[in-house]
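Working through the structure, step by step
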Amino acid sequence: MRRFEGRVVLVTGGSSGIGFATAKAFLGEGARVAITGRDAKRLARARRDLSAEGKVLSVQGDVSKPADAKRFVFRTTRDLGPIDVHVNNAGIYINRPIVDLTVSEYDRVMDINLKGAWLCTKYALPGMIKRRHGVIINVASDSGLVGTAGSSAYCASKGGMVLMTYAIALEVAQHGIRVNAVCPGEVDTPMLRREAEASGRGDKYYEELFDPIPLKRAATPEEVARVILFLASDEASFMTGAAMSVDGGSTAR
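Attention here is on the structure that accompanies the text. (Residues numbered from 1 in each chain as written. Predicted model: local features only at pLDDT ≥ 70, side-chain atom pairs only at ≥ 80, totals over all residues. Heavy atoms only, no water.)

Topic: the nonpolar core
Just so we agree on the cut-off: Among the buried residues, those of types Ala, Val, Leu, Ile, Met, Phe, Trp, Tyr and Cys that are joined through side-chain atoms within 4.5 Å form a nonpolar core. Partly exposed describes any residue whose relative accessible area lies between the buried limit of under 20% and the exposed limit of over 50%, with all areas from a 1.4 Å probe on protein chains only and scaled to the type maximum. Under the scheme used here, helices are H or I runs from DSSP no shorter than 4 residues and strands are E runs no shorter than 2 residues, and both carry numbers assigned from the N terminus. Two residues form a contact once any of their heavy atoms are found within 4.5 Å.
Residues Leu125 and Val179 are the most contacted members of the largest nonpolar core, which totals 37 residues. If one sorts the elements of this core by residue count, helix α4 (residues 103-131) sits on top with 10 residues. In this structure Val179 touches Ile136, Asn138, Thr165, Ile168, Ala169, Val172, Thr240, Gly241 and Ala242, once residues within four positions along its chain are discounted. With 29 residues, the next largest nonpolar core counts Phe26, Ile35, Leu229 and Leu231 among its residues.

Section: the layout of surface pockets
So the rule is basically this: The method works on a 1 Å grid over the protein atoms by themselves. A cavity is a set of points holding a 1.4 Å probe that cannot get out, a pocket is an open set with protein on both sides within 12 Å along at least five of seven lines, and residues with an atom within 4 Å of a point line them. Grid points are joined across faces, edges and corners, and a volume is the space filled by probe spheres set on the points. Three classes are used: nonpolar for Ala, Val, Leu, Ile, Met, Phe, Trp, Tyr, Cys and Pro, charged for Asp, Glu, Lys and Arg, and polar for all others, with Gly counted as polar.
Considered as a void within the structure, the largest pocket measures approximately 1500 Å³ in volume. Lining the largest pocket are 50 residues, and of these Tyr93, Tyr154, Thr189, Met191 and Glu195 sit closest to its centre. Looking at the lining of the largest pocket, the elements that each hand over two or more residues are α1 (17-28), β2 (32-37), α5 (152-172), α6 (190-199) and α7 (203-210). Here the lining of the largest pocket takes five residues from α6, the largest share from any one element. Here the lining of the largest pocket is built from residues that sort into 20 nonpolar, 19 polar and 11 charged.

Observations concerning the state of the cysteines
Stated precisely, the cut-off is as follows: The disulfide criterion is simple: two cysteine sulfur atoms within 2.5 Å.
In total, this model carries zero disulfides according to the counting rule given. Unpaired in terms of disulfides, Cys120 finds its nearest cysteine sulfur in Cys183, a separation of 18 Å. On the basis of relative accessibility, which here comes to 1%, the residue Cys120 falls in the buried class. Take Cys155: it sits in no disulfide, and the sulfur closest to it among the cysteines is that of Cys183, at 12 Å. Relative accessible area serves as the criterion here: at 14%, Cys155 is assigned to the buried category.

Given below as structure tokens:
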């Protein structure tokens, strides 16, 4: 018996990277999965690729917009059934000194990473509370646990996500709902490859990036996805209000 047979999972930011790997992993465990994304073409391509694994719904939109966040939940519930697991994965990253970061860039990072997760959780919870069943997983970051130079907005958004996880976990525990966070370090995603290419430093960029990591490499999206599945599964039935590092030992220093 697959762990998520017949269950419904909503993954925001599911068209690439950790979100795509997570959606694929849930499908492999028997779930019906909805993915969201802002880029319609990329989302459609992800849906086609994932459809070979099982039942997939794609809903285009922006998590930072209340109407879109509400629509993600409505469409998933209408087309697939009540949501059992909600994964707040959508996010963006900007690395720039605070004196050079614009206010609009700061707002965009906070809107997508933190406000977006708050909105989607807000609209996913009523159905879970009614059924007294559900799991929410927030994809935060090791930059939500320790500071990262040049990433003030990102750190603020992911640190806020970790504390939001704690607060909501306490709030909804009485309804039988669990809320946890995953805090990845460097992950081999398209976003990381774009950063490396933009640096113009080739392999040197990766060498310097991986050197402080005890395991000396980035995680694969699939490695992070497996932790998300564990937290969402009945195997983690007594875990709530936790923030699990998946960072190759970086925050253990």
